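# Coordinates in review
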Amino acid sequence: MNRDEAPALVLKDVHKSFGENEVLKGIDLVVEPHEVVCLIGASGSGKSTLLKCVNLTEPVDSGRIVVEGEEITAPGVDVNRVRRKIGIVFQAFNLFPHMTVLQNITLAPREVLKLDRKAAEGRALELLERFGLLDKRDEYPDRLSGGQQQRVAIVRALAMRPSVMLLDEVTSALDPELVAEVLSVIKELADEGMTMLIATHEMGFARDIADRVCFLDDGGILEQGPPEQIFTSPEHPRTRQFLQRIIAAGRL
Amino acid sequence: MTTRGTGPADALEPSPGPGRGSKMLGGRAVLVSSVSTVLFFAVIAAIVVLAPGSEVVAERFFNPFHLRQSFLGTESEPSVAAAFLLNVYIFAISEVLILILALVIAVVRGIPGPVFFPFRMVAIAYTDLFRGIPLILVLYIIGFGVPGLGLGFFSYLSDVTYGIIALVLVYSAYVAEVYRAGIESVHESQNAAARSLGLSRWQSLRFVVLPQAVRRVIPPLLNDFIGLQKDTALVSVLGSIEAARAAQIYGASQFNYASYVVAALLFVLITIPLARFTDRLIARDKRRRQAGAVA
């Protein structure tokens, strides 16, 4: 089997409920290698839940998720091994406050991938340098700005060399003036060919970076297509309504 | 009473300038607090000295000869100072064992999953039981019960060993709860972040959750250990001659209680460094957080 031919990520009829509340009502989605897919939609439309299911943070109720040809929702699959292939960055950074930047980044490579200290630090320093954070290597997270913390969180996920990156509203907790530095990092990753699934409220960013935009509404993908199409001539009235509200709020 | 007007109330008033105002206030505050301190102790001293039985008490409790002699010991009475080394020994051993056992109990109590239900039950029952029984009763039950069981080696341990076992059993139940509070204070998102990087549940606990939890509970832990230092005196009920017991022996044969004062001072002396150490840790933690807030 040729790995390059297999889609990076396939979701087939994924359902997820929290109690009575069905959040995902049958999601079908294919992400090709090196593709950047943005998930847009109102709060509560299921974007974050979808990412959590792909990361196995939340178990799916039914349906299948396949990463690089391997079904990760199969019973008995090693959750920890699957997660190594999937990097996730959260809205709230979630850096480890008792560790320096360098320790944050090298923890998983050392303990999970069993790299020795030198190799793990080499990998971390390389990434820090690339994203202009080398001088912050020995700082504690509390002493960094939100934008710096989020960039460190991205580097921490990248240090595991994941094949897919999931970004969950990574700029939502940031002051407006700090958003750009984080977005430029993501842009750089996209240019390098990183496969990414991004939940975002930044419509301008989604339009710039995405190969494909999916509009989620009420637990399903209502409409998807290239950003030009979704943002200029959306087919579905719900999509138009959502985008009109975004434009009215000055966010596009 | 004279300090009422200064201190916290003044601290709340807007300071006129960063340097000048606070310095003047500082000078006045020092003067007022000095006067207040002197007055306070003068009143206490007056009450003690003027009390009808003050001369008798001074003779019974503060006689310099007996203070010195009980400290050093005589041919027939044990030295309170030497006996106090037993308290230090009991404390040092118990402390290490408590830190380990309590952590195990706290971690076991937090393991999720139906398979571990019996383990969780045992941990809960343990803390409920040993927090509920007075230490002195646990000492009697362990110290007189276990030898009576005729369990070979386990029934022929020294009184001190049974005392340490009882202290460890009781204090571990308290300290486990302190640890548990610390573990639960670490936000679930920290665990989620660790797991998302591929760390196992155990690795996440060991590298991410526990280090943060332990840091947060160091002040209450040290507080419990100050209590433990004093409770080492209770081991004497099993017959061990530690400082409080040695003081009692001295008092009973010399009809002078200066030995109790000596023992009390020794306990205070060993507690103060631990208390100051706790203060310093709290201050350091606060400083670090504030430094973070500024940046």
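Each remark here, short or long, concerns the structure printed above.
Residues numbered from 1 in each chain as written. Chains lettered and ligands numbered in written order. Predicted model: local features only at pLDDT ≥ 70, side-chain atom pairs only at ≥ 80, totals over all residues.

Residues and elements named next belong to chain B. At a minimum axis separation of 10 Å, helix α9 (residues 188–196) and helix α10 (residues 201–231) run at an interaxial angle of 155°. When the interaxial angle is binned, α9 and α10 end up roughly antiparallel. Seen along the crossing, α9 lies across α10 with a hand that is right-handed. From α9, Q190, N191, A194 and R195 reach across to α10, where they touch S204, V208, V209 and Q212. Of the residues assigned to the contact of α9 with α10, the class counts are 3 nonpolar, 4 polar and 1 charged. (Axes fitted to C-alpha atoms, helices over the stretch in contact; angles between N-to-C directions. Helix = DSSP H or I, 4+ residues; strand = E, 2+ residues; numbered from the N terminus. Parallel < 35°, antiparallel > 145°, perpendicular 65-115°, else oblique. Left-handed = near helix turned anticlockwise from the far one by under 90°. Contact = placed C-beta atoms within 7 Å. Nonpolar A, V, L, I, M, F, W, Y, C, P; charged D, E, K, R; others polar.)

Residues and elements named next belong to chain A. Between helix α3 (residues 101–111) and helix α5 (residues 146–158), the least distance of the axes is 8 Å, while the angle of their chain directions is 25°. By the angle between their directions, the pair α3 and α5 is classed as roughly parallel. Between α3 and α5 lies a crossing of right-handed hand. Here V101, N104 and I105 of α3 lie close against α5, whose contacting residues are V152, V155 and R156. By residue class, the composition of the contact of α3 with α5 is 4 nonpolar, 1 polar and 1 charged.

All names here are of chain A. Among the 5 residues that make up strand β8 (residues 195–199), 5 are buried, leaving the element largely enclosed by the rest of the structure. Here β8 shows two buried faces, one formed by T195, L197 and A199 and the other by M196 and I198. Pairing geometry for strand β3 (residues 36–40) and β8, over 4 bridges, is parallel. Within the sheet, the bridge partner assigned to V37 lies in β8 and is L197. Where strand β7 (residues 164–168) lies against β8, 5 bridges are found, and the strand directions are parallel. Bridge pairing in β8 links M165 to M196. As a crossover connection, the stretch from β7 through helix α6 (residues 176–191) into β8 is right-handed. (Buried ≥ 20, exposed ≤ 12 C-beta atoms within 10 Å, placed from the backbone. Pairing = 2+ DSSP bridges. Right-handed = clockwise from strand over helix to strand, strands pointing away.)

Below, the discussion takes up helix α4 (residues 64–72) of chain B. Among all positions of α4 of chain B, only H66, Q69, S70 and F71 of chain B are buried. Just past α4 of chain B, the residue G73 of chain B takes up positive phi, approximately 90°.

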